[in-house]
Number of protein chains: 2
Amino acid sequence: MNREDRSEERPLGPSFGCPVGRADHAQILLGHGGGGLLTHRLLEQVFRPAFTNPLLDARHDGAVLTVGSERLAFTTDSYVVRPLFFPGGDIGTLAVNGTINDLTMCGARPLFLSVAFILEEGLPIEILYRVVASMRQAAQSAGVQIVTGDTKVVDRGKGDGLYINTAGVGLIMHGLTIAPTAIRPGDAVLLSGDIGRHGMAIMAVREGLEFETTIISDCAAVAEPVQELLTAGIEVHCLRDLTRGGLATALVEIAEAARLHIHLEETAIPIQEEVRGACEILGLDPLYVANEGRFVCFVPLAQKEAALDILRQYPVATDAHQIGEVREGTEGLVTIKGTLGTSRVLDMLSGEQLPRIC
Amino acid sequence: MNREDRSEERPLGPSFGCPVGRADHAQILLGHGGGGLLTHRLLEQVFRPAFTNPLLDARHDGAVLTVGSERLAFTTDSYVVRPLFFPGGDIGTLAVNGTINDLTMCGARPLFLSVAFILEEGLPIEILYRVVASMRQAAQSAGVQIVTGDTKVVDRGKGDGLYINTAGVGLIMHGLTIAPTAIRPGDAVLLSGDIGRHGMAIMAVREGLEFETTIISDCAAVAEPVQELLTAGIEVHCLRDLTRGGLATALVEIAEAARLHIHLEETAIPIQEEVRGACEILGLDPLYVANEGRFVCFVPLAQKEAALDILRQYPVATDAHQIGEVREGTEGLVTIKGTLGTSRVLDMLSGEQLPRIC
């Protein structure tokens, strides 16, 4: 987003004298939660005009705040994934790792999480136990503390088992500005590993697809390798985890915010054979499929090898590669050179590719 | 809660090797969200054994954290109130003021909020506009900034219009320990105003009760008078807002945590005539009805008048009074002298008195 002064009044919303924008639809659609174009429009048309302030940045994974003498990152996410349990994790793992990763993408060291449950009347306590145990384990592994919480219960039929919100606070211990607007022509675009596993693990369960190998979600915390990049003095320009909307949507958002051209090499992007197969069956493009333990990292070309050497030391990033570069050129464009050598433009995902993936 | 070392293993939970407790029920009941005994047991039996750490304090409205060189408060709440709009506010007002108040009750100056929406497919955008406008106004009035957010959409029939989570970060700028365990025999118990309006405003709408005067929720931010108490050097021992479970549940929790006796004078507790009438019709005790802009404050008796003089300068606390005192004596007991001069013991609300009140 741009950080210009937005204090001027926007067109009035219907009938209540508040400066809000106008939405394209009269009702909420599933696609408004998909992380693509509809989500983006809801932000731009409803939330941003109302919550006017320079810190609210829809194109970042969280807010970077100055509190007293410290720089903090602060972020929130609600989790509504279906099914609650999937190969490689569950809604609890996702809720802890997702918020840890959002703090990490702000360049912060994740420290503290809040957890708020919305439980549906009739939920077996056994399920809650299992989810809470996963959250405990994920938090312990990442060295973060769950310090405050809330529980609400809604009537039978007014929920879907359970929903979880986690918010997080992290400490920023470096002087870098890590943001889409900080990327520069010549930067290398590094990807931490193969893509599409989380989304296809969920879809395979939902659709009852059987493959020779079960697709395991990539759900994981990525704080450690990123902290190590920063500690080692790598001049990180931008970080982004590849959740809803996948690699393509993340890069389009970054390119648009930076008004630069990002060019990718499709052959450099690792995708498991099973993931590719499942995508073909379901007619999905893996570039748009959600991940929960993958990120891109923009660094100066001169530091590319040093950065990759660090990333590859960690199990969550052993397969890190350069997949593209930042170029001068057309504003906000992402292009990708395919396997046949021709290039095409990547757009933001419109609507909902995979509903309730996180 | 006590802050003893809880690192010893608890009885194993069913079948997954995590140290969790055992719940009294096999399924979630509406009462588990009511803020009374069932909520309390869920915390003690499921959440606390899993999320073992000294900062997680179920008997406080949030966590007090040291981050770098600063002391912060961090808190979260989800809001599932029905109906979404009620006299005196809506789910948006509630979500902003509720989290502001939780930060305030930690003795912090509220600074930043996150907002996460779970929207049900089919929700009219007009409703979202109105709620967002309320949130904007509540945040502006209280001088807090909404800095980060999230939106998820769930399938039609899997939500109830919209749910909101807000988390908050505030800065603690004094050296006091404000907690249930900090209250002392001789402390005056101050109440900021009349009780029971939020709960009865909601119930009156739900039950279609008609009174000569509409009951207006007391939903409001109470940060200003509390900040002024602290700035003026009042030695505040404990603060607690009187949400789910009402005045009685809050005081029972505090008395139990402090292992002291709190004695109240029923005649000193202001209750609007309409609220009293509605409670009688519905068979509810106003001492247990939820408020969203009322709090109790424990101060040394010598500072009682100074504290009341400050509180009464603010519209949200014009009717502040002393309603009781802290005494040596039976551990964790709350007694109340009624209008006929006899005393009775107040218990924690068991189960659900008013479902989905916030």
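Worth saying up front: this structure is predicted, and the values here are computed from it rather than measured.

Parameters at a glance
Residues numbered from 1 in each chain as written. Chains lettered and ligands numbered in written order. Predicted model: local features only at pLDDT ≥ 70, side-chain atom pairs only at ≥ 80, totals over all residues. Heavy atoms only, no water. Helix = DSSP H or I, 4+ residues; strand = E, 2+ residues; numbered from the N terminus. Buried < 20%, exposed > 50% of the residue type's maximum accessible area, 1.4 Å probe, protein only. Contact = heavy atoms within 4.5 Å. Least-squares fit on C-alpha atoms with pLDDT ≥ 70 in both. Buried area = accessible area lost by both parts, 1.4 Å probe. Salt bridge = Lys/Arg side-chain N within 4 Å of Asp/Glu carboxyl O. Polar contact = N/O pair within 3.5 Å; in protein donor to acceptor, adjacent residues only side chain to side chain. 1 Å grid on protein atoms, 1.4 Å probe; cavity = no way out; pocket = protein on both sides within 12 Å on 5 of 7 lines; lining within 4 Å. Points joined across faces, edges and corners; volume = space filled by probe spheres on them. Nonpolar A, V, L, I, M, F, W, Y, C, P; charged D, E, K, R; others polar. Domains from an automatic or database assignment. Pairing = 2+ DSSP bridges. Right-handed = clockwise from strand over helix to strand, strands pointing away. Axes fitted to C-alpha atoms, helices over the stretch in contact; angles between N-to-C directions. Left-handed = near helix turned anticlockwise from the far one by under 90°.

## Section: the overall build of chain A
So, point 1. Check the secondary structure of chain A and you find eight helices and 14 strands.
So, point 2. With the C-alpha coordinates of chain A rotated into their principal frame, the extents come out at 60 × 55 × 45 Å.
So, point 3. Relative to its full complement of 358 residues, chain A shows a buried share of 63%.
So, point 4. In chain A, of all internal contacts separated by at least 6 residues, the share reaching a separation of at least 24 is 83%.

## Notes on the relation of the copies chain A and chain B
So, point 1. After a rotation of 180° and a shift along the axis of 0.0 Å, chain A superposes on chain B with an RMSD of 0.0 Å. Taken together, the rotation angle and the small translation identify this as a two-fold axis.
So, point 2. When the interface residues of chain A are mapped onto chain B, 100% of them again lie at the interface, so the same face is used by both copies.

## Considerations on the interface of chain A and chain B
So, point 1. Each side of the interface is counted separately: chain A has 94 residues, and chain B has 95 residues.
So, point 2. Around 7600 Å² of area is buried between chain A and chain B when both sides are counted, 67% of it from carbon and sulfur atoms.
So, point 3. A per-residue breakdown of the area chain A buries against chain B is headed by I28, Y129 and R136 of chain A, which together make up 10% of the total.
So, point 4. Joining chain A to chain B, the criterion identifies nine salt bridges.
So, point 5. A salt bridge links D150 of chain A to R244 of chain B, with the nearest nitrogen and oxygen atoms 3.0 Å apart.
So, point 6. Applying the counting rule to chain A against chain B returns 27 residue pairs in polar contact (both at pLDDT 80 or more).
So, point 7. Counting only elements with at least two residues in the side of chain A that touches chain B, the list comes to α1 (37-50), β1 (63-67), β2 (70-79), β5 (109-120), α3 (125-142), β6 (145-154) and β7 (162-171) of chain A.

## What to know about unusual backbone geometry
Excluding glycine, residues mostly have negative phi values, and the peptide bonds linking residues are mostly trans.
All names here are of chain A.
So, point 1. A cis geometry characterises the amide bond from R82 onward to P83, with omega recorded as -10°.
So, point 2. Mapped onto the fold, P83 is located in the loop between β2 and β3 (85-86).
So, point 3. For R259, which is not glycine, the phi dihedral falls at a positive 55°.
So, point 4. Within the secondary structure, R259 is located in the loop between α6 (246-258) and β10 (261-265).

## Digging into the layout of surface pockets
All names here are of chain A.
So, point 1. Within this model, the largest pocket holds a volume of roughly 430 Å³.
So, point 2. Residue lining of the largest pocket: 20 residues in total, with S141, A142, A221, A223 and E224 positioned closest to the centre.
So, point 3. Taken together, the residues of the lining of the largest pocket sort by class into 11 nonpolar, seven polar and two charged.
So, point 4. Here the lining of the largest pocket gathers at least three residues from each of two domains, domain 1 (66-173) and domain 2 (180-346).

## Observations concerning the pairing of β6 of chain A
Residues and elements named next belong to chain A.
So, point 1. Most of β6 is tucked away, with eight of its 10 residues classed as buried.
So, point 2. Both β5 and β6 contribute to a ladder of nine bridges, which runs parallel. The partner of L119 across the bridge, within β6, is V153.
So, point 3. Crossover handedness for the path β5 to α3 to β6: right-handed.

## As for the side chain of N97 of chain B
So, point 1. Structurally, the position occupied by N97 of chain B is in helix α2 (residues 91-105).
So, point 2. Residue class for N97 of chain B comes out buried when judged on its relative accessible area of 5%.

## As for the packing of helix α5 (residues 223-231) of chain A against helix α8 (residues 304-311) of chain A
Residue and element names in this part refer to chain A.
So, point 1. Relative to each other, α5 and α8 sit at 145°, their axes nearing to 9 Å. Here α5 and α8 pass one another in a crossing that is right-handed. Along the contact surface, α5 presents P225, E228 and L229, while α8 presents A307, I310 and L311.
So, point 2. Taken together, the residues that form the contact of α5 with α8 break down as five nonpolar, no polar and one charged.

## What about the pattern of salt bridges?
So, point 1. Applying the stated criterion across every chain, the model contains 30 salt bridges over all chains.
So, point 2. Of the charged contacts in the structure, one is a salt bridge between R48 of chain A and E44 of chain A, with a shortest N-O distance of 3.4 Å. Placement of both R48 of chain A and E44 of chain A in helix α1 is noted, with a separation of four residues, approximately one turn of the helix.
So, point 3. A relative accessible area of 5% means that R48 of chain A is categorised as buried.
So, point 4. The salt bridge partner of E265 of chain A is K337 of chain A, with a shortest N-O separation of 3.7 Å. With E265 of chain A in strand β10 and K337 of chain A in strand β13 (residues 333-337), this residue pair connects regions lying 72 residues apart in the sequence.
So, point 5. Members of the salt-bridge network, linked through shared partners, are D155 and K158 of chain A together with R82, D160 and R356 of chain B.

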